[in-house]
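Tertiary structure, described
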Amino acid sequence: MFIVGLTGGIASGKSTVSAVFREHRIPVVDADVIAREVVEPGSSAWKKIKEEFGDDVLLPSGHLNREKLGEIIFANSDKRKKLNEWTHPEIHRTIMFEVLKHFLSGNRYVVLDLPLLFETGVMLSYIHKTICVTCTPEQQLERLMNRNMMSKSLAEQRIAAQMPLEKKCEIAHYVIDNTGDIDSTRKQAKRIVGILNESWEHWRIRMYIAVFAVIVFSPILYWYFVSM
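Since this is a predicted model, take the numbers as computed values, not measurements. (Residues numbered from 1 in each chain as written. Predicted model: local features only at pLDDT ≥ 70, side-chain atom pairs only at ≥ 80, totals over all residues. Heavy atoms only, no water.)

**A short note on the overall build of the chain**
Defined as follows: Note on conventions: DSSP H or I runs of at least 4 residues are helices, E runs of at least 2 residues are strands, and numbering of each starts at the N terminus. Only protein chains enter the calculation, and the probe is 1.4 Å; a residue is then buried if its accessible area is under 20% of its type maximum, exposed if over 50%, and partly exposed in between. Each accessible area is a Shrake-Rupley estimate made with a 1.4 Å probe; only the visible protein chains count as cover when residues are assessed.
For the chain, the count of helices and strands is 11 helices and 5 strands. Counting every position in the chain, which comprises 228 residues, the buried fraction comes to 39%. Here the chain has roughly 13,200 Å² of accessible surface; of this, 57% comes from carbon and sulfur atoms.

**A closer look at the confidence of the model for the chain**
Filter applied, for reference: Scored between 0 and 100, pLDDT is the confidence that the predictor attaches to each residue. Between two residues, a contact is recorded if the distance between any of their heavy atoms is within 4.5 Å.
Confidence in the prediction of the chain, expressed as mean pLDDT, is 89, and 87% of residues score 70 or more. In this model residues 208-214 is a low-confidence stretch, pLDDT under 50, and it forms 2 contacts with partners more than four residues away in sequence or in other chains.

**Here we look at the pairing of strand β3 (residues 109-113)**
The line we're drawing: By the convention used here, strands pair only if DSSP detects at least 2 bridges between them.
Of all 5 residues that make up β3, 5 are buried, and the element is covered over most of its length. Bridge count between strand β1 (residues 2-8) and β3: 5 bridges; the pairing is parallel. By the bridge assignment for β3, G5 is matched with L112. Summarising the sheet, strand β2 (residues 28-30) and β3 pair through 3 bridges and their orientation is parallel. Pairing of V29 across the sheet is with L112, part of β3.

**Quick look at the sheet that holds strand β5 (residues 174-177)**
So the rule is basically this: Orientation is described by lines fitted to C-alpha atoms, with helices fitted over the stretch in contact, and by angles between N-to-C directions that extend from 0 to 180 degrees.
Across the sheet, 5 strands lie side by side as β2-β3-β1-β4-β5; this open sheet has parallel pairing. Each of the sheet's edge strands pairs with one partner strand only, and the pair in question is β2 and β5. Averaged over neighbouring strand pairs, the angle between their axes works out to 20° when direction is ignored. As paired elements, strand β4 (residues 129-134) and β5 share 4 bridges and run parallel to each other. Counterpart to C132 in the pairing with β5 is V175.

**A closer look at the nonpolar core**
Which entries qualify depends on this criterion: Side-chain atoms within 4.5 Å link the members of a nonpolar core, which is a set of buried Ala, Val, Leu, Ile, Met, Phe, Trp, Tyr and Cys residues.
Judged by nonpolar contacts, the single largest core of 33 residues is most densely connected at I49, L69, I95 and L112. Elements represented by at least two residues in this core include exactly α2 (31-37), α3 (44-53), α4 (66-73), α5 (77-104), β3, α6 (117-120) and α9 (165-171). Not counting chain neighbours up to four residues away, the residues in contact with I49 comprise V39, G54, V57, L64, L69, L83 and W86. If you look at the next biggest cluster of nonpolar residues, it comprises 18 residues, including Y174, I176, I192 and V193.

**Looking at the side chain of T134**
Examined against the element boundaries, T134 turns out to sit in strand β4. On the basis of relative accessibility, which here comes to 13%, the residue T134 falls in the buried class.

**A word on unusual backbone geometry**
If you check the backbone angles, R25 has positive phi at about 60° while not being a glycine. The residue R25 is located in the loop between α1 (14-23) and β2 in this model. By relative accessible area, which is 77% here, R25 ends up exposed. Its identity as a non-glycine residue notwithstanding, M149 has a phi of 50°, on the positive side. Counting through the fold element by element, M149 comes out in the loop between α7 (137-148) and α8 (152-160). You can call M149 exposed: its relative accessible area is 75%.

**A word on the packing of aromatic side chains**
Quick reminder of the rule: Put simply, two rings from Phe, Tyr or Trp (the six-membered ring, in Trp's case) pair if the centres are within 6.5 Å, and we call them stacked under 30 degrees between planes, edge-to-face over 60, tilted for the rest.
One pass over the structure, following the stated rule, counts 1 aromatic pair. Each ring, one from F2 and one from Y109, has its centre 5.0 Å from the other, and the planes form 10°; the classification is stacked. Here F2 is found in strand β1, whereas its partner Y109 is found in strand β3, with 107 residues between them in sequence. With relative accessibility at 2%, the residue F2 sits in the buried group. Exposure remark for Y109: the relative accessible area of 4% places this residue in the buried category.

**A closer look at the packing of α1 against helix α10 (residues 182-197)**
Worth spelling out the cut-off: Angles below 35 degrees are treated as roughly parallel, those above 145 as roughly antiparallel, those between 65 and 115 as roughly perpendicular, and all remaining angles as oblique. For any helix crossing, the convention is left-handed if the near helix is rotated counterclockwise from the far helix by under a right angle, and right-handed if that rotation is clockwise. Classification convention: Asp, Glu, Lys, Arg as charged; Ala, Val, Leu, Ile, Met, Phe, Trp, Tyr, Cys, Pro as nonpolar; all other residues, Gly among them, as polar.
Two numbers describe how α1 lies on α10: the axes approach to 9 Å, and their chain directions differ by 50°. With respect to α10, the element α1 is oriented oblique. Considering the relative orientation of α1 and α10, their crossing is right-handed. Residues T16, V17, V20, F21 and E23 of α1 touch α10, and the partners they reach there are I182, T185, R186, A189, K190, V193 and L196. Per-class residue counts for the contact of α1 with α10 are 7 nonpolar, 2 polar and 3 charged.

The following block contains the structure:
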């Protein structure tokens, strides 16, 4: 099995592309979903956030008020860095665990939906191909403001905290242009699904794993049968 990295900018349209992969029965590991799970009330990261930022960033239920916390960290790079240090290691561990489960289930490949794929660089060495979903800066700003009911200044802060979409497109193996209608975006995503489905990369990786297993376990098996 191999890993495909799906990225883009905030509000660029990754969810539309993820949906296409899921429709084709391709597992998608969503880093945003995992990021919410690692800060559930009572978790280690949650306790650190509460201690650092106080009850002002908590909802009555005890869950994080993500909008309030976002206003703080996107206006202060030091606080954002501290938050990332508390959450990113756990997020990456959970991602790898989910990928392993899909591998053991016999899937040919898995899509990792990770907005900060290129910014952190942590997962890049494990990824076979990368996809970037892009749109114009004006569209990105408008979509973010409408989706999150956010002011222009706050939306611009969020966008500026990420690598520019243009730069991500230069690095990615595939680029999906989401400047048009949803049908156009889905058509591009389906084309990439077709390309990835025809790849033999998963057999090469499985062969490497098989060879590694033989090298590691052969001495053990030899000792076992000799000692019988």
